[in-house]
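Fold and geometry: a report
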Amino acid sequence: MESNKPLFGIAATPTDKPAGAATDAAAEGADNLKCATGQDVAGVAVRPIEETAPVCQCLTQPIEHTATKDMGHEERLHIFVGFNNECPRYYPGSVIKYISYFGGWPGGQGQLISDTMWAAASAWNAQNIGVRFQWTTNPAEATFEVVYGGDKPGFAAMAFFPKPRGGNQVLVYSASFTPAGLARMQNSFQHELGHIMGLRHEFADTETAPAVLLGARNSLSIMGYAVARTIQSTDVQWTRVFYSLPNGTPIIDATHSFPIHDYTP
Ligand SMILES: [Zn+2]
């Protein structure tokens, strides 16, 4: 942890762990999925080899976890937020810590997962959104853990929307370990971290759970499934706006009005 200090001087404040908080992880439109394989990952936490530099290239390819989704929607320039009739967010300025372990991954890829997640986190951190991600080796201070989710055909990963600590996981499925999945892993993780900041899919208006529109849309949004999906300037711009608004501010579009709800990571 000593090596973190030049980058991140703010320590997250641990909070109580509410029971049963891991029941609404549906970020990828998937069922509430338990991570059976990840239950044996207790052990040695792994830290990234590099402190800052991305180690995996983000290839400009479609993302596996939505292979069955219609990607032929019109040009869009918005971002979406909101879930469960609120706009969940980690309070501005907070540090969202996560932990991953060496064990429990196919092919002994624990170090790769650690490095790739940190590269994805660093990509967001570099944008000064208003919250930061930080790896930790201390489970007690982790807001979420990164674990293997086993087989989930058509999906690469699943995250969660902002909520109190307790059972929060990013599940990485077996599709992420195909050659294509490995090549796109950092990009996929950037997308999952977007969910953890409160961002909905770029096409959330087509999803079951209501979302509200904030700002401009962009079909190449990191929260979409487009070819060449990367963090867009519109993603940065409107996520910064989202994090600049006071807690409780209603975000209103043509059909919904959901207030911002700040959570402690
Ligand atoms: Zn997603």
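Predicted, not measured: the structure shown is a model, and the values here were computed from it.

What counts as what
Residues numbered from 1 in each chain as written. Predicted model: local features only at pLDDT ≥ 70, side-chain atom pairs only at ≥ 80, totals over all residues. Heavy atoms only, no water. Core = buried A, V, L, I, M, F, W, Y, C linked by side-chain atoms within 4.5 Å. Buried < 20%, exposed > 50% of the residue type's maximum accessible area, 1.4 Å probe, protein only. Contact = heavy atoms within 4.5 Å. Phe/Tyr/Trp six-rings, centres within 6.5 Å; stacked < 30°, edge-to-face > 60°. Helix = DSSP H or I, 4+ residues; strand = E, 2+ residues; numbered from the N terminus. Lys NZ or Arg CZ within 6 Å of the ring centre and 35° of its normal.

Counting 44 residues, the largest nonpolar core has W124, F133, F144, L193 and I196 as its most contacted members. Those residues in contact with I196, other than ones at most four positions away along the chain, are Y90, I96, F133, F144, A159, F160, P162 and V170. Judged by nonpolar contacts, the second largest core, of five residues, contains V147, F155, L171 and Y173.

With the rule as written, the count across this model stands at eight aromatic pairs. When the ring of Y98 is compared with that of F144, the centres are 5.5 Å apart and the planes differ by 20°; the resulting orientation is stacked. Of this pair, Y98 sits in strand β3 (residues 95-100) while F144 sits in strand β5 (residues 144-150); the two residues are 46 residues apart in sequence, bridging distant segments of the chain. Each member of the pair Y98 and F144 is classed as buried. When the ring of F242 is compared with that of Y243, the centres are 5.4 Å apart and the planes differ by 80°; the resulting orientation is edge-to-face. By the burial criterion, F242 is buried, and Y243 matches it. What links up through ring pairs into an aromatic cluster is the set Y98, F144 and F160. It is R89 that lies over the ring of Y243; its NZ or CZ is 5.5 Å from the centre. Between K152 and the ring centre of F155, over which it is positioned, the NZ or CZ distance is 5.7 Å.

This part is about the environment of T116. Take T116: it is sitting in helix α1 (residues 110-125). Overall, T116 belongs to the buried group, its relative accessible area being 0%. As a C-alpha pair, T116 and M185 span 69 residues in sequence and 7.0 Å in three-dimensional space.

Function-wise, these values are silent; they only describe arrangement.
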